[in-house]
Amino acid sequence: EVLTAGNIGTTDIILTTGSIGIGTTDPTGSLHIKVDSGVAQSIIESLTTEAALLNLRHSSTGGSGDRNSAIVFQEDSTTHWTLGLNGVSGASDDEFVIANGPQFDSNPVLVINKSGYAGLNLGVGISASNFLELGGATADASSLRIVTQSATPTSPQNGMLRNDSGSLYFYS
């Protein structure tokens, strides 16, 4: 049934099957919002001092396969970035991942595990075992680059690194 502003009234709308389409009569997901012109946006607003939350939830039991909660960034139908919870990925479980492409397991760029350890470009299936680990695509790839800064910091912090025209300075 197609609901319009005139036949909805003030009652709750409960669907036990089907999909909801806003701006489309042919939704391709559980909730499909389509805008023909302008910016498509969703707003979740709390009019009290309580939080406004977007909760992405997946089941932790039953069945097999991925149990991911994710936000997927696409252009047309091509997925460029995925971020969210990688629920099942072999030995790595419940990691926050930003991936280049549609799959957490094939192109992870940033992975933060349950211990709070972060890995950048470590590769598939490699989890960080320190607070921050950096990887490169090849043995010749620079894992960490410190850009040139010609001015000396007025208040250098302990542990700060600075590259000044090829000279590396460490502040302690």
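Every value quoted in this text rests on a predicted model; they were computed, and no experiment measured them.

> It is not clear to me how the overall build of the protein should be interpreted in this structure. Could you clarify?
Helices and strands together make up the secondary structure of the protein, namely 1 helix and 10 strands. Element order for the protein, N to C, with α for helix and β for strand: α-β-β-β-β-β-β-β-β-β-β. By residue count, 17% of the 172 residues in the protein fall in the buried class. For the protein, contacts bridging at least 24 residues in sequence account for 4% of all contacts bridging at least 6. When the accessible surface of the protein is totalled, it reaches about 13100 Å², and 52% of it is carbon and sulfur.

> Sorry if this is basic, but what is going on with the sheet that holds strand 7 (residues 118-120) here?
Strand pairing within a sheet occurs via backbone hydrogen bonds; the two strands may be parallel or antiparallel. Within the open sheet, the 6 strands sit side by side as 3-4-5-6-7-8. Their pairing is mixed. Each edge of the sheet is formed by a strand with only one pairing partner; in this case those strands are strand 3 (69-75) and strand 8 (132-134). Looking at each pair of strands side by side, their axes are set apart by 10° on average, direction ignored. Judged from the 3 bridges that link them, strand 7 and strand 8 form a sheet pairing that is parallel. Opposite Gly119, over in strand 8, you have Glu133 as the bridge partner.

> Is there a simple way to explain the packing of aromatic side chains in this structure?
For the structure shown, the criterion picks out 1 aromatic pair. For the pair Tyr117 and Phe131, a centre-to-centre distance of 5.3 Å together with 90° between the ring planes defines the contact as edge-to-face. Highlighted residues: Tyr117 in the loop between strand 6 (108-112) and strand 7 and Phe131 in the loop between strand 7 and strand 8, separated in sequence by 14 residues. Among the residues examined, Tyr117 registers a relative accessible area of 24% and is labelled partly exposed.

> Please clarify how the pairing of strand 3 should be interpreted in this entry.
As a general feature of sheets, a regular strand has side chains that alternate between the two faces. Note: strand 3 against strand 4 (residues 78-86), 7 bridges, orientation antiparallel. From the neighbouring strand, Glu75 faces strand 4, where its bridge partner is Thr78. The hairpin turn running from strand 3 into strand 4, its antiparallel successor, is 2 residues long, and Asp76 in that turn takes a positive phi close to 55°.

> What is the right way to read unusual backbone geometry from this model?
Residues apart from glycine generally show negative phi values, whereas peptide bonds are mostly found in trans. Located in the positive-phi region is Asp76, a residue other than glycine, with phi close to 55°. Along the polypeptide, Asp76 turns up in the loop between strand 3 and strand 4. Classification of Asp76 by relative accessible area gives exposed; the value is 76%. Unlike most non-glycine residues, Asn121 shows phi in positive territory, near 55°. Its relative accessible area of 41% is what places Asn121 among the partly exposed residues.

> Sorry if this is basic, but what is going on with the pairing of strand 4 here?
Pairing geometry for strand 4 and strand 5 (residues 95-100), over 6 bridges, is antiparallel. Along strand 5, the bridge assignment pairs Leu83 with Ile98.

> Is there a simple way to think about a nonpolar patch on the surface in this case?
Nonpolar side chains collect at one region of the surface, where Leu15, Ile20, Ile22, Leu31, Ile33 and Val35 lie side by side and expose about 500 Å² of accessible area between them. Counting residues per element, the ones that place at least two in the nonpolar patch are strand 1 (20-22) and strand 2 (31-33). Tracing the chain through its elements places Ile33 in strand 2. Judged by relative accessible area, Ile33 falls into the partly exposed class, the value being 35%.

What counts, and where the lines are drawn
- Residues numbered from 1 in each chain as written.
- Predicted model: local features only at pLDDT ≥ 70, side-chain atom pairs only at ≥ 80, totals over all residues.
- Heavy atoms only, no water.
- Helix = DSSP H or I, 4+ residues; strand = E, 2+ residues; numbered from the N terminus.
- Buried < 20%, exposed > 50% of the residue type's maximum accessible area, 1.4 Å probe, protein only.
- Contact = heavy atoms within 4.5 Å.
- Areas by Shrake-Rupley, 256 points an atom, 1.4 Å probe, with all protein chains shown as cover.
- Pairing = 2+ DSSP bridges.
- Axes fitted to C-alpha atoms, helices over the stretch in contact; angles between N-to-C directions.
- Phe/Tyr/Trp six-rings, centres within 6.5 Å; stacked < 30°, edge-to-face > 60°.
- Patch = residues over 30% accessible without salt bridge, like charges linked within 9 Å, V, L, I, M, F, W, Y side chains within 5 Å.
- Salt bridge = Lys/Arg side-chain N within 4 Å of Asp/Glu carboxyl O.

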